[in-house]
Amino acid sequence: MAERNAMRELSNSVCIVGVDESDEIGTLPHKSQLALHLEAITNAVRDAGLKITDVDGIFTAGQHSPALLGEALGITPRYVDGTSVGGCSFMILVEHAVAALHHHLCDVAVVSHGESGRSGVGVTRSRDTSISGQYEIPYGFGAAPTYFGLITTRHMHEYGTTLEQWAQVAVSTRAWAALNPKAMYRDPLTIEEVLNARPICYPFTILNICLVTDAGGAVVLTRADRAQDCAKRPVYVRGTGEGTEHVSVTQMKGLPLSEATRISGQRAFAMAGVTHSDFDHIMLYDAFTSGPPIMLESLGFAKPGEGVHFFANGKSTPGGSLPINTNGGGLSYTHSGMYGVFPIIEATRQQRGECGARQVPNAKLSLVNGMGGMLSAAGTLALSHDK
Amino acid sequence: MEVERPIPQPITPESKPYWDGMKEGKLMLPKCQDCGKVHFYPRVFCPHCHSKNLTWVQGSGKGKLYSFEILYRPFNRAVKVPPPYVLAMIELEEGPRMLSNLVNVEPDPKVVKCDMPVEIVFSKLTDDMTIPLFQPAR
């Protein structure tokens, strides 16, 4: 209980004060990965009404170290964090930034993402294959769909989930993308179109799998007292949680549910002092259509096997009772590779009430949850314009 | 002879007995002499109880298909097995899970089913390297 009380002290101590994407997102063969970072940081800092020289904490994941970002920005940060555990790293980095800001290790923190995932401009290809090189790659494993499908097929076996139910997630998410001018794909989608799309890796057709884009995104945070002087309405970080369980899917104890996700959610809810029914807006990392339902189950929003019900009967769509992935998600808006910063950006905009046609009326508490790797790591945030 | 798959690498010291066993047509698995559990992939200690008191036992090569996918489009050109083929997660009789391919089966979700019994097939890639594949149990 001591731990829980200590985390309560962090709740609402830090606010998100600036968010933005890079100048453009999508297919950008004329822009380097580093440029995407710098554009996003510049835009997010401007959104906060601050200057680049105000930034003294740099938090990033992926190929570029926070030292490179500091150098490129021409600043000398006094706090850096390069934790990189997959796409959810940016959610986890918000937790790390909250801790650093709370203890005055820095005053203005930027969590930055930039990835030339589609065009590969200014990119160094390298990854750790010390285990997968021996036991996975020889069989044709390696790309994300070749692993996430294993989790998905087992879920279908254990709970009777159907291809139609997964497809419903793509359809719901596309309905939101139609309302987001920045989304890559905005035409309406049907379940039949998802089922009949090009097969990639059973149980997935191409429309069950996220986009591959070039994009940057950044989030600026500062302590709640200073946040009141920033340009926009501050959004309080009410709760944070993280968890890391495995790298290889063979080591995943609770398959098809995620232990890392469960732990991250439990900690975030305890810190925020909230429960599932308090959330009225949800952002989940949708690299695959099966991801969000499995995350809802792992977080305890739904019983195992029942996460797909959140996407049935229009519940998650515009005008529905519990909107999910209102930016159009990794499935239809953008997915540069490590997507995790974008759900944070969208939740902040929803809490500020600046989402126009896709605004969730009276959104008071947003859940942000994402995975790193194959549900291997997880980060959860509870964000609100209200303390 | 063209090798149809990437050769497993980098072989680590702790996994050498496993790969040496493969060459002899044996599935060698690390077993903890304290808690009695078998683990995979091989590590310097037991991931269940953290004892270093390990030994190697020969696995039965039998298990079940814990989960699967059917790959229609190769992501890695170094794997020259013509698609479609079955990506498999095997749960060995001894407990641990490993990734492999399910072979000698129609790559069709109407035929391939989770929990179907499977057995090992040793597949020689080169004189120095044999890998475990699995097929439906006979």
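Structure first, text after, so check above.
Note that the structure is a prediction, hence the values are computed from the model and not measured. (Residues numbered from 1 in each chain as written. Chains lettered and ligands numbered in written order. Predicted model: local features only at pLDDT ≥ 70, side-chain atom pairs only at ≥ 80, totals over all residues. Heavy atoms only, no water.)

**Student:** Please explain the interface of chain B and chain A as it appears in this structure.
**Tutor:** Many analyses report the size of an interface as the accessible area lost when the parts associate. In this complex, chain B contributes 41 residues to the contact, which on the side of chain A involves 32 residues. Where chain B abuts chain A, roughly 3200 Å² becomes buried across the two surfaces, and 62% of that area is made up of carbon and sulfur atoms. The three residues of chain B that bury the most area against chain A are B:Glu69, B:Phe75 and B:Leu99, which together make up 22% of that side's buried surface. Counting across the chain B and chain A interface gives one salt bridge. The partner of B:Asp115 in a salt bridge is A:Arg154, with the nearest N and O atoms 2.8 Å apart. Counting across the chain B and chain A interface gives 22 residue pairs in polar contact (both at pLDDT 80 or more). Of all elements in the fold, only helix 1 (16-23), strand 3 (62-71), strand 4 (85-92), strand 5 (97-102) and strand 7 (129-136) of chain B reach the threshold of two or more residues within the side of chain B that touches chain A. With six residues, the top contributor of residues to the side of chain B that touches chain A is strand 3 of chain B. As defined by bridge partners, strand 5 (residues 199-202) of chain A adjoins strand 3 of chain B across two bridges and the pair is classed as antiparallel. When the sheet's bridge partners are listed, A:Tyr202 is paired in strand 3 of chain B with B:Ile70. (Contact = heavy atoms within 4.5 Å. Buried area = accessible area lost by both parts, 1.4 Å probe. Salt bridge = Lys/Arg side-chain N within 4 Å of Asp/Glu carboxyl O. Polar contact = N/O pair within 3.5 Å; in protein donor to acceptor, adjacent residues only side chain to side chain. Helix = DSSP H or I, 4+ residues; strand = E, 2+ residues; numbered from the N terminus. Pairing = 2+ DSSP bridges.)

**Student:** I'm lost on the packing of aromatic side chains in this one. Help?
**Tutor:** What characterises a pair of aromatic rings is the spacing of the ring centres plus the angle enclosed by the ring planes. Per the counting criterion, the structure on display carries 17 aromatic pairs over all chains. Measuring from centroid to centroid gives 6.0 Å for A:Tyr135 and B:Tyr18, while their planes differ by 65°, and the two rings are edge-to-face. You can see A:Tyr135 sitting in helix 5 (residues 132-135) and its partner B:Tyr18 sitting in helix 1, one on each of two chains. Residues A:Tyr135 and B:Tyr18 agree in their burial class; the two are buried. With a centroid separation of 5.1 Å and an interplanar angle of 70°, the aromatic rings of A:Tyr135 and B:Phe40 are classed as edge-to-face. Here A:Tyr135, found in helix 5, pairs with B:Phe40, found in the loop between strand 1 (28-32) and strand 2 (54-58), and the two come from separate chains. Of the two residues, A:Tyr135 and B:Phe40, neither departs from the other in class, the shared state being buried. Among the aromatic residues, those joined into a cluster by ring pairs are A:Tyr135, B:Tyr18, B:Trp19, B:Phe40 and B:Tyr41. Geometry around A:Phe310 places A:Lys315 over its ring, the cationic atom sitting 4.3 Å from the centre. For B:Arg43, the ring lying beneath its charged end belongs to B:Tyr41, and the centroid distance is 4.0 Å. (Phe/Tyr/Trp six-rings, centres within 6.5 Å; stacked < 30°, edge-to-face > 60°. Buried < 20%, exposed > 50% of the residue type's maximum accessible area, 1.4 Å probe, protein only. Lys NZ or Arg CZ within 6 Å of the ring centre and 35° of its normal.)

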